[in-house]
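# Residue-level structural notes
Chain by chain, the residues run as shown.
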Amino acid sequence: MSVTPDLDRRTLLRRAAAAGLLVTPAAGLLSACAGSTPDQNDDNDAEKSNDNPFGLQDGSAVKVVIFNGGLGDAWAKEDQAIFSAKHPNVTVNMSSTQKIKTEEQPKMATQPSDLIMNSGADLMDLSTLVNEGAIEPLDDLLAAPAWDSEGTVADSLLPGTVSDGTFQGKFFVVYVAFTVWGNWYNGALFDREGWAPPKTFEEFFTLAPQIKAKGIAPYVYDAVHGYYPRWALMASIWKSAGKQAVVDIDNLKENAWRAEGILPALEAWEKLVKDKLVLPGKLDHTQSQQAWLDGKAAFIQVGTWLKNEMAATIPPGFEMKLSDYWGVSAADKAPKDVFAGAGEGFVVPSKAPNKAAAKEFLRAVLSKAGSAKFAELTKSLASTKGSGDNVQDPALATANELMKNAGSDLISVKLWDFYADLDKESQNLSQELMAGRLTAAQFVDKMQAAADKVAGDSSITKQTRNV
Amino acid sequence: MRHGVARFVTGFLALPVGLYLFYVVWPFLQAAGYSLTDWGGYSDRQQFVGLDNYLRLFSDELIRKAFWHNVFFLITVPFFTIALALFLAFLLNVGGREDKAGIRGVFGSGLYKVIFFFPQVLSLVVVAVMWQQIYRADGQGLINGVLMKLGLVSPDEPITFMYDPEPFLGVPAVLWWLLLIAVWSGAGFYMVLFSAAMQSIPKDVFEAAILDGAGRFHTFFRITLPLLRDTVSVAWVYLGFIALDMYALVFVMTPSQGGPNHASEIFASVLNFTAFQKGQFGYACAMGVALAIFTILLAALQLRITRRERIEY
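We now turn to the structure provided with this report. Just so you know, these numbers come straight off a predicted model, no measurement behind them.

## Here we look at the overall build of chain B
Looking only at helices and strands, chain B features 13 helices and three strands. Principal-axis analysis of the C-alpha atoms gives chain B an extent of 80 × 75 × 30 Å. Expressed as a percentage of its 313 residues, the buried residues of chain B come to 47%. Across chain B, the fraction of contacts at a sequence separation of at least 24, relative to all contacts at a separation of at least 6, is 65%.

## What about the overall build of chain A?
If you tally the helices and strands in chain A, you get 20 helices and 13 strands. In terms of overall size, chain A behaves like a compact globule, its C-alpha atoms giving a radius of gyration of 25 Å where 467 residues would be expected to give roughly 23 Å. In terms of overall dimensions, chain A has a C-alpha envelope of 85 × 70 × 50 Å along the principal axes. Split into buried and exposed, the 467 residues of chain A put 56% on the buried side. Put simply, of all contacts in chain A between residues at least 6 apart along the chain, 77% involve residues at least 24 apart. As presented, chain A carries roughly 18,600 Å² of accessible surface, and 51% of it is formed by carbon and sulfur atoms. Averaging the coordinates of the 46 positive side-chain charges in chain A and doing the same for the 59 negative ones gives two points 6 Å apart.

## Describing the environment of W269 of chain A
Note on placement: W269 of chain A falls in helix 12 (residues 262–274). Once residues lying within four places of it in the same chain are set aside, the contact partners of W269 of chain A are F201, Y219, A232, L233, S236, L433 and M434 of chain A.

## A look at the packing of helix 5 (residues 124–134) of chain B against helix 7 (residues 173–199) of chain B
All names here are of chain B. Running from N to C, helix 5 and helix 7 cross one another at 130 degrees; their axes reach a closest spacing of 11 Å. With respect to helix 7, the axis of helix 5 lies oblique. In this structure, the crossing between helix 5 and helix 7 has a hand that is right-handed. Here L124, V127, M130 and W131 of helix 5 come into contact with helix 7, specifically with L180, I181, W184 and S185.

## So, the side chain of D114 of chain A
Residues and elements named next belong to chain A. Secondary-structure assignment places D114 in the loop between helix 4 (100–104) and strand 4 (115–118). Of the side chains with opposite charge, K63 comes closest to the buried, unpaired D114, at an N-O distance of 8.0 Å. Within the structure, D114 has its side chain in polar contact with the backbone nitrogen of K63 (distance 2.8 Å). The contact partners of D114, leaving out residues within four places of it in the chain, are A61, V62, K63, V347, V348, P349, A352, P353, N354, K355 and A358.

## A closer look at helix 19 (residues 420–434) of chain A
Residues and elements named next belong to chain A. When the terminal C-alpha atoms of helix 19 are compared, their 21 Å separation across 15 residues agrees well with the 21 Å that a helix rising 1.5 Å per residue should span. By the criterion of burial, helix 19 is predominantly enclosed, with 13 of the 15 residues buried. One or two steps after helix 19, the chain reaches G436, where phi turns positive at roughly 80 degrees.

## Here's the deal with a nonpolar patch on the surface
Residues V5, F8, V9, F12, L13, V17, Y20 and L21 of chain B make up a contiguous nonpolar surface patch of about 800 Å² in total accessible area. Assignment of secondary structure puts F8 of chain B in helix 1 (residues 2–34).

## What about the packing of aromatic side chains?
Residue and element names in this part refer to chain A. Considering all chains together, one arrives at 52 aromatic pairs over all chains under this definition. Judged by centre distance (5.7 Å) and plane angle (70 degrees), the ring pair of W231 and W305 falls under edge-to-face. One end of the pair, W231, is in helix 10 (residues 227–241); the other, W305, is in the loop between strand 9 (297–303) and helix 14 (306–310), and 74 residues separate them in sequence. We classify W305 as buried; its relative accessible area is 14%. Arranged with centres 4.9 Å apart and planes meeting at 80 degrees, the rings of W292 and F318 form a pair that is edge-to-face. Of this pair, W292 sits in helix 13 (residues 285–293) while F318 sits in the loop between helix 14 and strand 10 (320–323), placing them 26 residues apart in sequence. Classification of W292 by relative accessible area gives buried; the value is 1%. Here the aromatic cluster, defined as three or more aromatic residues joined through ring pairs, consists of Y185, F190, W195, F201, F204, F205, Y219, Y221, W269, F299 and W326.

## Thoughts on helix 3 (residues 74–86) of chain A
All of the buried residues along helix 3 of chain A are W75, A76, D79, I82 and F83 of chain A. Projected onto a plane normal to the axis of helix 3 of chain A, the buried residues spread over an arc of 115 degrees and lie on a single side.

## Re the pattern of salt bridges
Opposite charge on two side chains allows them to pair when their charged atoms are near. Residue and element names in this part refer to chain B. Summed over the entire model, instances satisfying the criterion amount to 22 salt bridges over all chains. For D138, the salt bridge identified is with R136, shortest N-O distance 2.8 Å. Residue class for D138 comes out buried when judged on its relative accessible area of 9%. Classification of R136 as buried rests on a relative accessible area of 12%.

## Thoughts on empty space enclosed by the protein
A water-sized probe, rolled over the atoms, reveals where empty space remains. The full count for this structure, using the stated rule, is eight cavities of 30 Å³ or more. If you go around the second largest cavity, the residues you meet are Y221, A223, K282, Q431, E432, A435 and R437 of chain A together with Y163, P255 and P260 of chain B. In the lining of the second largest cavity, the residues fall into six nonpolar, one polar and three charged.

## Here's the deal with unusual backbone geometry
Cis geometry is adopted by the peptide bond preceding P260 of chain B, which originates at G259 of chain B and carries an omega value of -5 degrees. By secondary structure assignment, the location of P260 of chain B is in the loop between helix 11 (247–253) and helix 12 (267–277). For N255 of chain A, which is not glycine, the phi dihedral falls at a positive 55 degrees. Of note, N255 of chain A is situated in the loop between helix 11 (243–250) and helix 12. We note that L169 of chain B has phi near 55 degrees; this positive angle belongs to a residue other than glycine. The exposure class of L169 of chain B is exposed, given its relative accessible area of 67%.

Reading guide: rules and limits
Residues numbered from 1 in each chain as written. Chains lettered and ligands numbered in written order. Predicted model: local features only at pLDDT ≥ 70, side-chain atom pairs only at ≥ 80, totals over all residues. Heavy atoms only, no water. Helix = DSSP H or I, 4+ residues; strand = E, 2+ residues; numbered from the N terminus. Buried < 20%, exposed > 50% of the residue type's maximum accessible area, 1.4 Å probe, protein only. Contact = heavy atoms within 4.5 Å. Rg over C-alpha atoms; globule rule 2.2 N^0.38 Å. Areas by Shrake-Rupley, 256 points an atom, 1.4 Å probe, with all protein chains shown as cover. Lys, Arg positive; Asp, Glu negative; His and termini not counted. Charge placed at Lys NZ, Arg CZ, Asp CG, Glu CD. Axes fitted to C-alpha atoms, helices over the stretch in contact; angles between N-to-C directions. Parallel < 35°, antiparallel > 145°, perpendicular 65-115°, else oblique. Left-handed = near helix turned anticlockwise from the far one by under 90°. Salt bridge = Lys/Arg side-chain N within 4 Å of Asp/Glu carboxyl O. Polar contact = N/O pair within 3.5 Å; in protein donor to acceptor, adjacent residues only side chain to side chain. Expected span 1.5 Å × (residues − 1). Patch = residues over 30% accessible without salt bridge, like charges linked within 9 Å, V, L, I, M, F, W, Y side chains within 5 Å. Phe/Tyr/Trp six-rings, centres within 6.5 Å; stacked < 30°, edge-to-face > 60°. Arc of directions from axis to C-beta. 1 Å grid on protein atoms, 1.4 Å probe; cavity = no way out; pocket = protein on both sides within 12 Å on 5 of 7 lines; lining within 4 Å. Points joined across faces, edges and corners; volume = space filled by probe spheres on them. Nonpolar A, V, L, I, M, F, W, Y, C, P; charged D, E, K, R; others polar.

This is the structure we're talking about:
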């Protein structure tokens, strides 16, 4: 054995390899931050007319990106056919993906797609898009004549669609689906047992022991994605405390979380957990939905895309029915308001090379023909009026009925679109409350603290809602 | 003639070096540049803010939490992975019965080598998806299912793995469960690495030790481990990088990517949230640069501490 000089070939190779690996953990993270300088682009618009309100150039091309999630993407191909029938010389390059942000965000500052359906778990944060001026206001789309009906595009939309897509006084996001949220149950089972779906927590707590006696868990929810339980929590707060309470919360008003009616709503959820009325375990959305379809739980809360998402595994004889979210008791301030609104939003990037075509394509999506196909293929309502009129789907019919009996307002919550910090915090705390690690009072304290922190942070652009 | 060779080699190297500079080094520099701005990530609007972003790092509660979670992995991932890999490598190479055939591994060691190496072949996301089923938090999960059949876990209270922030030894349980996956998926590779190093140790060294009456314990700690010092040190550095990353596992496995309620937040998950959800790319780039500096310092420190005279046989 002998002692060698410091550097031999093996050591050199090892060090080289070490240096190569050295940069790997940071490399992905750092390069994710990098971008490059933008290109200038100009719209070479053609003559504008009533039939071609945005001056779409014949022979141009438009790149459309569709989110391929619970609603699939078959409906978008119908819209493409409608669009191409009118503009045969415009090339439509349509692609679909589940990774909207991953694929589209890096292109936003340079060469974005013309039309992006910004949806799913991997969506681009809306308030950032608006604050950065990265997306185009679409007020001219609202004012344009509708594709195949009387009046303007705005006239053809369901209530809530315009306000849901409006940020800082301008219309930015075209939501194409109209979603109704609530508690789903198996109509066949409930008829057989003679149960009626409860309207309030009071009624639910009376019914729950009967459900439990049959060996069924009264409730199941998606415990993985924090926004699922949050929908139900916020709906109960709205019903119990009334609309103004939620508007104040969204506007970061001082002590908004301590308004009358909010704590009782959260205490009802606390009791639901404490009384062990939830199916044991922590399941994600499809696992919990399957557990519900398998008859392990009586109620599941989710939106109207449920039927389409689970279409392959619905057992025979299972009647999917939608009932309203629960308020607290007969003393609720807004017991009839339904959690519904426009969802699945399209945005047009400010730097899109062919904005005229993007807007024209949206006009086709919002057409009567397009939205009827949408409702038929997705078993969900479109945000265009009358889309569900000719659809004979029992699950969709219960959603329709719920909407007909709805109160004067639709429940809508903005804080998660307004502020990413509150979005994350409210998801986390909802999960903690549902896991029984947080009491209702602690939830209120922590949400109030988070809201105060955002209110006092000057690096965050503030937003407000009036309606 | 020699001159021609140099030009020939340079010609071949220019392209890869150019690509490397453009796709690796340039983005690094860009990120460092962005870290001094308030860029939001979706536009070309940005303002120079100097070192504000770096100062913010020090008062950011979430970053502090994430930092300690990273430190936890930095200590545990290399330690447990190397310990397990060494143990396995020793058994497979010199742990077998001592008879006249000389030094060898336990029975069937060739097969074990393949099996233990297997996780290395799978992509980390595949590993994560597989472990989601193993960790599934109801009776249909592999672990929960078996334990429920054995009556060790009540069906009403399954083990919740990734959803469990309760501290175990002062560290959220979810981190320990993540650690288990990281060690499981890494040990095989380092076992092979250590096996190769052990095989390069001359058999007569072991034979001499055995003749002198050394048992397995002494053979390992007095001979094998000291002679593997170099390899272990490099492995430690590599594992340190893996521990500082951990991003894929946290992203795929944990609720809200860092949850429940920030219990598994790490540097990379906070960075991802800051950049892509909050739209504060400048600040996120500052986090990235800070992490890179930290990594480089750590590697330099580690290699320096373990530098020592080398034995050649």
